[in-house]
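Observations on the three-dimensional arrangement
One-letter residues, chain by chain:
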Amino acid sequence: VCTGTDMKLLRPSSPESHYETLRHLYQGCQVVQGNLELTYLPADADTAFLKVRSGETPRGGEGRGSGRPLTRVPPSQDIKEVQGYVLIAENNVSGLE
């Protein structure tokens, strides 16, 4: 489980730190407790952090805290649940992975 955000469409003061914050919040996350807000991403933003790759231990999932890779994780897996709203707006990326 990871924490969501509640910034709505407020423009970030630093686009670089905003991207890093989103990456830190959602990387390896399968369940977002709160809102999933993807806003103001630059054209060159790598959105691969939204998936759990094979061999990674998802936060809030099986194997939590063990540090051992999960063998039952498919090659890639999206965020499965958002307990708030999803906001995807004001981005310059051509698509999300």
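Going by the structure above, here's the rest.
Residues numbered from 1 in each chain as written. Predicted model: local features only at pLDDT ≥ 70, side-chain atom pairs only at ≥ 80, totals over all residues. Heavy atoms only, no water.

1. Comments concerning the nonpolar core
What counts here: By nonpolar core we mean a set of buried residues, namely Ala, Val, Leu, Ile, Met, Phe, Trp, Tyr and Cys, connected to one another through side-chain atoms within 4.5 Å. Think of it in three bands: residues with accessible area under 20% of the maximum for their type are buried, residues over 50% are exposed, and the middle band is partly exposed, with areas taken using a 1.4 Å probe on protein chains only. Comment: elements are numbered from the N terminus, with helices defined as DSSP H or I runs of at least four residues and strands as E runs of at least two. Contacts are assigned to residue pairs that have any heavy atoms within 4.5 Å of one another.
Counting residues in each nonpolar core, the largest one holds 15 residues, and the members touching the most others are L22, Y26, V32, L38, L41, F49 and L50. Looking at this core, the element that brings in the most residues is helix α1 (residues 15-26), giving four residues. Every residue in contact with L22, bar those within four places of it in the chain, is listed here: E37, L38, T39, L41 and F49.

2. Side note on unusual backbone geometry
Even without being a glycine, Y40 presents a positive backbone phi close to 55°. Relative to the elements of secondary structure, Y40 occurs in the loop between β3 (36-39) and β4 (52-53).

3. As for the packing of aromatic side chains
Our working rule: Only Phe, Tyr and Trp rings take part, Trp by its six-membered ring, and two of them pair if their centres are within 6.5 Å. Stacked means planes under 30 degrees apart, edge-to-face means over 60, and tilted covers everything else.
Across all of its chains, the model carries one aromatic pair by this definition. Relative to F49, the ring of Y19 has its centre 5.8 Å away and its plane inclined at 80°; by these criteria the two rings are edge-to-face. Residue Y19 is found in helix α1, and its partner F49 is found in the loop between β3 and β4; the two are separated by 30 residues along the sequence. Note on Y19: relative accessible area 15%, which makes it buried. With relative accessibility at 4%, the residue F49 sits in the buried group.

4. Considerations on the state of the cysteines
Any covalent bond linking the sulfur atoms of two cysteines counts as a disulfide. The criterion, for reference: In this description, a disulfide is simply a cysteine sulfur pair whose atoms lie within 2.5 Å.
Per the counting criterion, the structure on display carries one disulfide. Between the sulfur of C2 and that of C29 lies a disulfide, 2.0 Å long from S to S. Disulfide C2-C29: the torsion about the S-S bond is -85°, which places it as left-handed. With C2 in strand β1 (residues 2-3) and C29 in the loop between α1 and β2 (31-33), this pair connects stretches of sequence that are 27 residues apart. On the accessibility criterion, C29 (0% relative accessible area) is buried.

5. A word on the pattern of salt bridges
Let me state the cut-off plainly: Only one rule defines a salt bridge in this text: a Lys or Arg side-chain nitrogen within 4 Å of an Asp or Glu carboxyl oxygen.
Across all of its chains, the model carries two salt bridges by this definition. The shortest N-O distance in the salt bridge between D6 and K8 comes to 2.7 Å. One salt bridge connects R23 with E20, and the closest N-O pair in it is separated by 2.6 Å. A residue pair is termed a helical-turn pair when its members lie 3 or 4 positions apart in one helix, as R23 and E20 do in helix α1 at three residues. Residue E20 is classed as partly exposed on the basis of its relative accessible area of 37%.

6. Side note on the sheet that holds β1
Here is the rule we go by: At least two DSSP bridges between two strands are needed for those strands to be called paired.
On the basis of which strands lie adjacent, the open sheet formed by three strands has the order β1-β2-β6 and parallel pairing. Each edge of the open sheet is held by one strand with a lone partner, namely β1 and β6 (81-82).

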